[in-house]
Amino acid sequence: MNQEQFDKIKNGKGFIAALDQSGGSTPKALRGYGIEEDQYQNDDEMFQLVHDMRTRIVSSPAFTSDKVIGAILFEQTMERQVEGKNTGEYLADKGIVPFLKIDKGLAEQQNGVQLMKPIPDLEEVLVRAHEHKIFGTKMRSFILENNKQGIDDIVEQQFDVAKQIVTRDLVPIIEPEVHIDAENKADIEAYLTDVIKSHLDTLKEDQYVMLKLTIPTNKNQFEPLINHPNVVRVVALSGGYSREYANEVLKTNSGLIASFSRALINDLRVSQSDEEFDKILAESIDSIYDASVNKVQD
């Protein structure tokens, strides 16, 4: 593990950019950017277009390590290059810590949740992640209802995979997302906090994880997780909230920083000039940075 990167993620001021839209969500991301599905013929062209978008983002003068401390990449992005360097290496050279999304998507809903699909090539992916100078990983599952069995199953699955990742000297981001419109969202988050903490308490002293969670309904809900000795950092996903609302609520949660995707890139368009693109990206980064580091005091 790179100690300098570990220290940056644990103590650095800023947020983690989520640039990990995968096969299923890539067409939607491209549409938001202004590229319709009739503008590419196959997956290779689609992935090249989304890589071009991500290259434009990470190479922008607005995308700097003084505000963006990390970035989560899709596997296709990791395997491609930015300005002649592997994407992970390019980010690391900028002082931005690279992570890799490793899950294969969501299984069908059962017990009010969607578990991760199996990851049959996990070991191979982790080896490649090391080769590409990746610091950590990210894997998402989804909670739709206040079903304790389902929540128990999600957290158990996440920690089982996380323990495998830790043995490869990588830091896993555990992401049990809660649907922002779920009934009894606050109750789900309270129970989820307790279940996650019970699993954290079983980790060995040198087993570190991160958590990526939906911005909670009750402020400072995740304080016991933020303060846990085995947790490097807790980051928040925007989950469909507007950037303005997500930032507003994030500011009320001490110790919680952003890891936004749509809320980061929502106003970027392929048709924008470089000057306009960089200006809009800078404004987005500045607002998310501010919400991550400048907290509202009681």
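That block above? That's the structure.
Residues numbered from 1 in each chain as written. Predicted model: local features only at pLDDT ≥ 70, side-chain atom pairs only at ≥ 80, totals over all residues. Heavy atoms only, no water.

Participant: Even after reading the chapter, I still don't get helix α10 (residues 243-250), so can you show me in this structure?
Facilitator: Structural remark: α-helix, 3.6 residues per turn; residues separated by three or four positions point the same way. Listed in full, the buried residues belonging to α10 are Arg243, Ala246, Asn247, Val249 and Leu250. On its buried side, α10 packs onto β10 (231-237), β11 (257-258), α11 (262-265) and α12 (274-293). (Buried < 20%, exposed > 50% of the residue type's maximum accessible area, 1.4 Å probe, protein only. Helix = DSSP H or I, 4+ residues; strand = E, 2+ residues; numbered from the N terminus. Contact = heavy atoms within 4.5 Å.)

Participant: What is the right way to look at the pairing of β10 in this model?
Facilitator: Both faces of the sheet carry side chains from a regular strand, because those side chains alternate between them. In terms of burial, β10 is a largely internal element, seven of the seven residues being buried. Sheet topology note: the strand β9 (residues 209-214)/β10 ladder contains five bridges and is parallel. Residue Leu211 lies in a different strand from β10, and its bridge partner there is Val234. (Pairing = 2+ DSSP bridges.)

Participant: It is not clear to me how the packing of helix α6 (residues 122-131) against helix α7 (residues 148-167) should be interpreted in this structure. Could you clarify?
Facilitator: Relative orientation and spacing of two packed helices are given, respectively, by the angle between their axes and the distance between those axes. Packing of α6 against α7 leaves a shortest axis separation of 10 Å and a crossing angle of 45°. It follows that α6 is oblique to α7 by the angle criterion. Considering how the two elements wind past one another, α6 and α7 form a crossing that is right-handed. Residues Leu122, Glu123 and Leu126 of α6 form the contact with α7, whose own contacting residues are Val161, Gln164 and Ile165. Broken down by class, the residue content of the contact of α6 with α7 amounts to four nonpolar, one polar and one charged. (Axes fitted to C-alpha atoms, helices over the stretch in contact; angles between N-to-C directions. Parallel < 35°, antiparallel > 145°, perpendicular 65-115°, else oblique. Left-handed = near helix turned anticlockwise from the far one by under 90°. Nonpolar A, V, L, I, M, F, W, Y, C, P; charged D, E, K, R; others polar.)

Participant: What should I look at first to understand α12 in this one?
Facilitator: Between its first and last C-alpha atoms α12 spans 28 Å; for 20 residues at 1.5 Å apiece the expected length is 28 Å, and the two agree. Listed in full, the buried residues belonging to α12 are Phe277, Asp278, Ile280, Leu281, Ser284, Ile285, Ile288, Tyr289, Ala291 and Ser292. The buried residues of α12 occupy an angular sector of 165° when the element is viewed end-on, so they sit on one face. Seen from the buried face of α12, the exposed residues on the opposite side, beyond 90 degrees, are Glu275 and Lys279. (Expected span 1.5 Å × (residues − 1). Arc of directions from axis to C-beta.)

Participant: Would you mind showing me how to read the nonpolar core here?
Facilitator: One broad trend across soluble globular proteins is that nonpolar side chains are buried collectively. In this structure, Phe15, Ile57, Phe63, Ile196, Phe260 and Leu264 are the most contacted members of the largest nonpolar core, which totals 81 residues. Setting aside its immediate chain neighbours within four residues, Leu264 contacts Phe15, Ala17, Leu19, Arg243, Leu281, Ser284, Ile285 and Ile288. Among the nonpolar cores identified, the runner-up in size contains 15 residues, and Phe99, Val171, Val232 and Ile257 belong to it. (Core = buried A, V, L, I, M, F, W, Y, C linked by side-chain atoms within 4.5 Å.)

Participant: What should I look at first to understand the packing of aromatic side chains in this one?
Facilitator: Each aromatic ring pair is characterised by the separation of its centres together with the angle its planes make. Tallied over the full model, the rule gives four aromatic pairs. With 5.1 Å between their ring centres and 65° between their planes, Phe6 and Tyr208 make a pair best called edge-to-face. Taken together, the residues span a long stretch of sequence, with Phe6 in helix α1 (residues 3-11) and Tyr208 in the loop between α8 (185-200) and β9 at a distance of 202 residues. The exposure class assigned to Phe6 is buried, which follows from its relative accessible area of 8%. Among the residues examined, Tyr208 registers a relative accessible area of 26% and is labelled partly exposed. Between Phe99 and Phe135 the ring centres are 5.7 Å apart and the planes differ by 85°, which places this aromatic pair in the edge-to-face class. In this pair, Phe99 sits in strand β5 (residues 97-101) while Phe135 sits in the loop between α6 and β7 (136-143), placing the two residues 36 residues apart along the sequence. The same class applies to Phe99 and to Phe135, which are both buried. (Phe/Tyr/Trp six-rings, centres within 6.5 Å; stacked < 30°, edge-to-face > 60°.)

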